[in-house]
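Letter by letter, the chains look like this.
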Amino acid sequence: MTRGTGPRLAVALDGAGWHPAAWRSEDARPTEVFKAGYWLDLVREAEAGTLDFVTFRDSLALPSDGVRGRLDAVLTAARVAPLTSGIGLVPEIVATHTEPFHLSKAIATLDYVSTGRGGVQVSVSSSPEEYRNFGRREFGEDISGEAADYIEVLRRLWDSWEDDAEIRDVATGRFIDREKLHYIDFEGRFFKVRGPSITPRPPQGQPLVTASSGVADSSVDVVYVTPQSREEIGALVEAQHGRQVFADLVVFLDETSQAAADRRARLDSLALLESDALVFTGTPAELAELLLAWHVAGLDGFRLRPAALPHDLTAITRGLVPELRSRGAFRKSYEAPTLRGLLGLDRPANRYVA
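Residues numbered from 1 in each chain as written. Predicted model: local features only at pLDDT ≥ 70, side-chain atom pairs only at ≥ 80, totals over all residues. Heavy atoms only, no water.

- Under the UniProt heading Sequence similarities (unreviewed entry), the note attached to the protein chain is "Belongs to the NtaA/SnaA/DszA monooxygenase family." (UniProt positions renumbered as here; feature names shortened; annotations may be inferred.)

If you want it as structure tokens, here you go:
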């Protein structure tokens, strides 16, 4: 089954949902948000809808509203990886306060335990609270430039082992061919890293790298943008020079538009939703119309932020996906074993192979 002519779909998972009062919804599971089974249920629901990938939100300071507290995104993705089989797993990492050597092997490991479905969303820190949790630098430095260097180090470390570096020669006792491991000798404004990695080249060669627009745009495979109207899409896509562009949308989905609006109003009466992305309230069929129109305007895909979990995630997989399938615009099964394959991206050649 080919994926059809429609857009690619991802969901962004965060606590009980993207609305700060989502954890107070009738069908919310606030007592389970720090349990592995909760996250496994959500990812399996997304996988049942054959979505391309899920992202796991993370930060390095206490969230200011909604569910107060988080599990580590990379560890959560690694926990659910061997219990799923088709969907891509993309945890968020904060480049500003972490070391690329550590994250390179963490994401490479995720790619191994998911058999080629790992990726990463690189973000930067704009929160003074996060800076105070580390105390190593002043707030407001060139964090976007640092993120670009960070991604370059990740990519070089993933390539620092050639694909056939492991020879496992029992007779000679040589596990690796040392000639096929490479120093990366990276020296930039923010990092000086010799390498090689301690983890062999990941199954995808280069796990998928994603980021919001404005965070090292030229270094990533997928860029998230936040258009407020169809008229903005052309310029946003053109600015990314061929990289895949996904639009973020917060979604409230119900059987009628009025029901979705009423549900949002109830949650807004408890806490105010502040969003950089467009907030959609309506039915799955109405959302399908919008997504298809915006896809025609140039977007490769969409990352939907369920306003409340599991309600809006279920509405995506059991309402929106069937709507798109009925129009021949979304897959019925996974047609590639890796995340790069699902997105139509080739496995990159190793830069160190002559």
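## Focus on the packing of aromatic side chains
Both the distance between ring centres and the angle between the ring planes are used here to describe each pair of aromatic rings.
Step number 1: Applying the stated criterion across every chain, the model contains four aromatic pairs.
Step number 2: Look at Y38 and W39: their rings are 5.3 Å apart centre to centre, the planes differ by 90°, and that puts the pair in the edge-to-face class. Judged on exposure class, the residue Y38 and its partner W39 are both buried.
Step number 3: Judged by centre distance (5.9 Å) and plane angle (70°), the ring pair of Y150 and F191 falls under edge-to-face. Separated by 41 residues along the polypeptide, Y150 in helix α5 (residues 143-158) and F191 in the loop between β7 (186-187) and β8 (192-193) bring together distant segments of the chain.
Step number 4: With a relative accessible area of 0%, Y150 lands in the buried category.
Step number 5: Clustering of aromatic rings is evident, with ring pairs tying together Y38, W39 and F56. (Phe/Tyr/Trp six-rings, centres within 6.5 Å; stacked < 30°, edge-to-face > 60°. Buried < 20%, exposed > 50% of the residue type's maximum accessible area, 1.4 Å probe, protein only. Helix = DSSP H or I, 4+ residues; strand = E, 2+ residues; numbered from the N terminus.)

## Topic: the pairing of strand β10 (residues 222-225)
Step number 1: Across the two faces of β10 the burial is the same, with V222 and Y224 and V223 and V225 all buried.
Step number 2: Looking at chain direction, strand β9 (residues 208-212) and β10 are connected through three bridges and run parallel. Paired with S212 across the two strands is Y224, which belongs to β10.
Step number 3: Bridging between β10 and strand β11 (residues 244-253) involves four bridges; their strand directions are parallel. In the sheet register, V223 faces β11, and the bridge partner there is V245.
Step number 4: Running through helix α6 (residues 233-238), the crossover from β10 to the neighbouring parallel element β11 is right-handed. (Pairing = 2+ DSSP bridges. Right-handed = clockwise from strand over helix to strand, strands pointing away.)

## Details of unusual backbone geometry
Step number 1: The omega angle of the peptide bond from G195 to P196 is -5°, so this bond is cis rather than trans.
Step number 2: The linkage connecting L309 with the following residue, P310, adopts the cis geometry, with an omega of 5°.
Step number 3: Secondary-structure assignment places P310 in the loop between β13 (301-306) and α9 (311-326).
Step number 4: Here the phi dihedral of T115 falls at roughly 50°; this positive angle occurs in a residue that is not glycine.
Step number 5: Along the chain, T115 turns up in the loop between α3 (100-113) and β4 (119-123).
Step number 6: With relative accessibility at 56%, the residue T115 sits in the exposed group.
Step number 7: Positive phi outside glycine occurs at H241, with the angle close to 50°.
Step number 8: Looking at where H241 falls in the secondary structure, it is placed in the loop between α6 and β11.
Step number 9: You can call H241 exposed: its relative accessible area is 65%.

## Side note on the pairing of strand β1 (residues 8-13)
Step number 1: Counting buried positions along β1 gives six out of six residues, so the element sits mostly inside the fold.
Step number 2: Neither face of β1 is open: one carries R8, A10 and A12, the other L9, V11 and L13, and all of them are buried.
Step number 3: When β1 meets β13, the two strands line up parallel, connected through four bridges. Looking at β13, one finds that R8 is bridged to G301.
Step number 4: By the bridge criterion, four bridges tie β1 to strand β2 (residues 53-56) in an arrangement that is parallel. Residue pairing for β2: A10 is matched across the bridge by F53.
Step number 5: As a crossover connection, the stretch from β1 through helix α1 (residues 36-48) into β2 is right-handed.

## A word on the side chain of S25
Step number 1: If you trace the backbone, S25 turns up in the loop between β1 and α1.
Step number 2: Contacts of S25, omitting those with residues within four sequence positions, involve L267 and A308. (Contact = heavy atoms within 4.5 Å.)

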